[in-house]
Amino acid sequence: MRRSSLFFMYLGIQTALLAAAFTHAAYQRGWRASDIAETSAMVRRLELTDLCLFTEARYTRHPSQADMHAPFQDHPMSLEHFPSGSLLGPQQGRR
Amino acid sequence: MTVGMRIWIEKQRNIIDFTLSSLARRKGKNIALLLVYTLLVFLLASVMFFTHALRKEASLILQGAPEVVVQRMAAGRHELVPGRYLNAIRGIRGVSEVHGRVWGYYYDAVMSANYTLMVPRDVSVGEGYIAVGQGISRSRFAYAGDMLSFRQYDGEPMVLTISEVISPGSELVSSDLILISERDFRKLFGMAEGMFTDIVLTVRNAKEVAMVAGKVQKLLPDTRPILKSEILRTYDTIFDWRSGLIVVILSSAVLAFVIFAWDKASGLSAEERKEIGILKAIGWETADVLLMKFWEGTVVSLSSFLAGVLFAYIHVFFTDVVLFEQVLKGWSTLYPTFKLVPYVSVYQMATLFFLTVVPYTVATIIPSWRAATIDPDSVMRS
């Protein structure tokens, strides 16, 4: 078989796999819709405000409830020191 | 298909055949390039898929968040709110409902973990009982019917029975959550009756939310209202892949790759120069050599791009971002295990393509042109 045929076959397989990934994503979105609805209902019922991603500090556990100086309030001259602080981007448009 | 078109296709295929043979002759070097390129696409795509899926899920889930949360601030710190604040807010026109939220944090010295304790308004948890999130259940090996011991504010122990473990489907918001009755909460932390952690209020007309928030701040200057739109915006910007540490690390990786690609393309080996010299001597035009270089770039870029994207998809949505796990966990001992819903779009693909293929093409275009214009006579003599 010609090398170009092999290459196009390889590209074809990869493109098919990519299409399969998109199909999987669409299927998962439909399948998980009830989970999302259930979680959203829980957020409404318990009046939650944040995702539970980083539990190491107050301002990383509830970033939407933290004020801008929260990472530096532990003591005077204190620098923000939790690793997840470097992953969270600055919050915009906060009071 | 016309004869002319068939000839054109055959010419392209011949050039691709030749390009692939030429790449195979320098196997080691080209495999290294493919691997580095695939790795770069994989990293960028993983970050993009993860952050986008997380932000999308947050925006859907947090639609149910309170319309306005009012905090009280004292000396730059969050302070408990007395009941009279509720009455004051109730008097503001446009406010339909006001109530206090009772919640807080508890540091568990046994697990070195922080829990979020919350009093549900619907009184779904009886006195002496708690409902715990999956993360707590997992780390404490505690299930429905088991008892957990807490240390009260005065040092006295408090033993509470787990009535239920919150469903794993909602772990993204409830992993570290403990639902507790109001009486137990106040007893645990010594919080006086009539004091609340913060206030939640509902506004009759959605268009008036900002105005009501302004009135609250004017009436009670030591408070800080947080609107639902701000909560949603926080999660929209918080994991933005264009900000924070991620972009610093990834931009240096892209830069290193561009240097690598440029170096590889410009540092033509004597063998490659000879090859181009011979091709031109036997009648290849500069355009043909350029076409060969174009296909060389396409073969490398497309193969790496598609492979990188596929691996990233598997990494994020099948292995739960296993490689980033340590970074994301940080110092937390409690971390939710959640399966993200895959939100991928053509826009993301286009952005990724622009971020990876364009730098490679730009880095290799000038060296390719220089290679194509080599004088065959001088190359073959040297």
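Everything below is about the structure shown above.
Everything in this summary refers to the structure shown in the same document. (Residues numbered from 1 in each chain as written. Chains lettered and ligands numbered in written order. Predicted model: local features only at pLDDT ≥ 70, side-chain atom pairs only at ≥ 80, totals over all residues. Heavy atoms only, no water.)

1. Remarks on the pairing of strand β5 (residues 103-108) of chain B
Residues and elements named next belong to chain B. Threshold: Strands are treated as partners if at least two bridges between them are detected by DSSP. In DSSP terms, a helix is any run of H or I states spanning at least four residues, a strand is any run of E spanning at least two, and both are numbered starting from the N terminus.
Note that β5 and strand β6 (residues 113-118) share 6 bridges and pair antiparallel. Following the sheet pairing, Tyr-105 is matched in β6 by Thr-116. Two successive antiparallel strands, β5 and β6, enclose a turn made up of 4 residues, where Ser-112 displays a positive phi of approximately 50 degrees.

2. Looking at the sheet that holds strand β9 (residues 157-165) of chain B
All names here are of chain B. Condition: The axes are straight lines fitted to the C-alpha atoms, using for helices just the contacting stretch, and the angles between their N-to-C directions are given from 0 to 180°. Note on contacts: a residue pair is in contact if any heavy atoms of the two residues lie within 4.5 Å.
Spatially, 6 strands are ordered β5-β6-β10-β7-β9-β8 in an open sheet, and the strand pairing comes out mixed. Every other strand in the sheet has two partners, leaving β5 and β8 (147-151) as the edge strands with one partner each. Between one strand axis and the next, the sheet turns by 35 degrees as a mean value, whatever way the strands run. Sheet topology note: the β6/strand β10 (residues 177-180) ladder contains 3 bridges and is parallel. The residue bridging Met-118 from the neighbouring strand is Leu-179, located in β10. Lying over the sheet, helix α6 (residues 182-189) contacts β5, β6, β7 (129-132), β8, β9 and β10, oriented at roughly 55 degrees with respect to β5.

3. Points about the nonpolar core
Short version of the rule: For the purposes of this section, nonpolar cores are sets of buried Ala, Val, Leu, Ile, Met, Phe, Trp, Tyr and Cys residues that join through side-chain atoms within 4.5 Å. Type-normalised accessible area, obtained with a 1.4 Å probe on protein chains alone, sets the label of each residue: buried when under 20%, exposed when over 50%, and partly exposed for intermediate values.
Among the nonpolar cores identified, the biggest contains 82 residues, and Leu53(A), Phe49(B), Leu54(B), Leu179(B), Val309(B) and Phe317(B) are the most heavily contacted of them. For this core, the leading source of residues is helix α2 (residues 27-61) of chain B, giving 15 residues. In this structure, Val309(B) is in contact with Leu18(A), Val41(B), Ala45(B), Phe49(B), Met349(B) and Leu352(B), ignoring residues within four places of it in sequence. Among the nonpolar cores identified, the runner-up in size contains 40 residues, and Val81(B), Ile92(B), Tyr106(B) and Leu227(B) belong to it.

4. Comments concerning the packing of aromatic side chains
Residue and element names in this part refer to chain B. Inclusion rule: Two aromatic rings, drawn from Phe, Tyr or Trp (for Trp, its six-membered ring), form a pair once their centres lie within 6.5 Å of each other, and the interplanar angle then sorts them: stacked below 30 degrees, edge-to-face above 60, tilted otherwise.
Within this structure, the stated rule accounts for 15 aromatic pairs over all chains. Consider the rings of Tyr-37 and Phe-257, whose centres lie 4.6 Å apart with planes at 50 degrees: the pair is tilted. Here the residue Tyr-37 occupies a position in helix α2, and Phe-257 occupies one in helix α9 (residues 244-266), the gap between them amounting to 220 residues. Judged by its relative accessible area of 0%, Tyr-37 falls in the buried class. For Phe-257, a relative accessible area of 2% gives the class buried.

5. Focus on the interface of chain B and chain A
Definition in use: Here's the idea: put two parts together, see how much 1.4 Å probe accessible area each one loses, and the total over both is what we call buried area. For this document, the term salt bridge refers to a Lys or Arg side-chain nitrogen within 4 Å of an Asp or Glu carboxyl oxygen. Within 3.5 Å is the distance limit for a polar contact, defined as a pair of N or O atoms, with the added protein rule that one can donate a hydrogen and the other accept it, and that residues adjacent in sequence qualify only through two side-chain atoms.
Every contact between the two is made by 95 residues of chain B and, on the other side, 62 residues of chain A. When the two sides are added together, the surface that chain B and chain A hide from each other amounts to roughly 7,100 Å², 61% of it contributed by carbon and sulfur. Where chain B touches chain A, the interface holds 5 salt bridges. Salt-bridge contacts for Arg2(A) lead to Glu10(B); the nearest nitrogen and oxygen are separated by 2.8 Å. For the pair chain B and chain A, the interface holds 30 residue pairs in polar contact (both at pLDDT 80 or more).

6. Re the layout of surface pockets
What counts, and what does not: Cavities and pockets are defined on a 1 Å grid built over the protein atoms alone: a cavity is a set of grid points where a 1.4 Å probe fits but cannot escape, while a pocket is an open set with protein on both sides within 12 Å along at least five of seven lines, and lining residues are those with an atom within 4 Å of any such point. Grid points are joined across faces, edges and corners, and a volume is the space filled by probe spheres set on the points. Under the grouping applied here, Gly and all other residues not named as nonpolar or charged are polar, the nonpolar ones being Ala, Val, Leu, Ile, Met, Phe, Trp, Tyr, Cys and Pro and the charged ones Asp, Glu, Lys and Arg.
Taken as a whole, the largest pocket holds about 580 Å³ of empty space. Lining the largest pocket are 24 residues, with Arg58(A), His78(B), Gly104(B), Tyr105(B) and Thr197(B) sitting closest to its centre. Among the elements of the structure, α3 (58-61) of chain A together with β1 (68-74), β2 (77-79), β5 and α6 of chain B are those that each provide at least two residues to the lining of the largest pocket. Grouping the constituent residues of the lining of the largest pocket by class yields 11 nonpolar, 9 polar and 4 charged. If you add up the space inside the second largest pocket, you get close to 440 Å³. As for the second largest pocket, its lining consists of 26 residues, and the residues nearest its centre are Lys293(B), Phe294(B), Gly297(B), Thr364(B) and Ser368(B). Those elements giving two or more residues to the lining of the second largest pocket turn out to be α2, α9, α11 (286-317) and α13 (346-372) of chain B. When its residues are assigned to classes, the lining of the second largest pocket shows 15 nonpolar, 7 polar and 4 charged.

7. What to know about empty space enclosed by the protein
A full pass over the atoms with the stated rule returns 4 cavities of 30 Å³ or more. When its volume is computed, the largest cavity comes out at roughly 70 Å³. Looking at the largest cavity, the residues that line it are Leu48(A), Thr49(A), Asp50(A), Arg61(A), His62(A), Arg101(B), Trp103(B), Thr116(B), Met118(B), Val173(B) and Leu177(B). Tallied by class, residues from the lining of the largest cavity come to 5 nonpolar, 3 polar and 3 charged. Its volume calculated, the second largest cavity comes out at about 50 Å³. Taken together, Leu23(B), Arg26(B), Lys29(B), Asn30(B), Lys264(B), Glu272(B) and Glu296(B) form the lining of the second largest cavity. Class assignment for the residues of the lining of the second largest cavity results in 1 nonpolar, 1 polar and 5 charged.

8. Some words on the pattern of salt bridges
All names here are of chain B. Taken as a whole, this structure holds 19 salt bridges over all chains when the rule is applied. Across the salt bridge formed by Arg-25 and Glu-275, the nearest N and O atoms sit 3.1 Å from each other. Remark: Glu-275 occurs in helix α10 (residues 270-281) and Arg-25 occurs in helix α1 (residues 3-25); sequence separation between them is 250 residues. The buried category is assigned to Glu-275, whose relative accessible area is 13%. Arg-183 is the salt-bridge partner of Glu-127, the closest N and O atoms lying 2.7 Å from each other. Placement of Glu-127 in the loop between β6 and β7 and of Arg-183 in helix α6 is noted, with a sequence separation of 56 residues between them.

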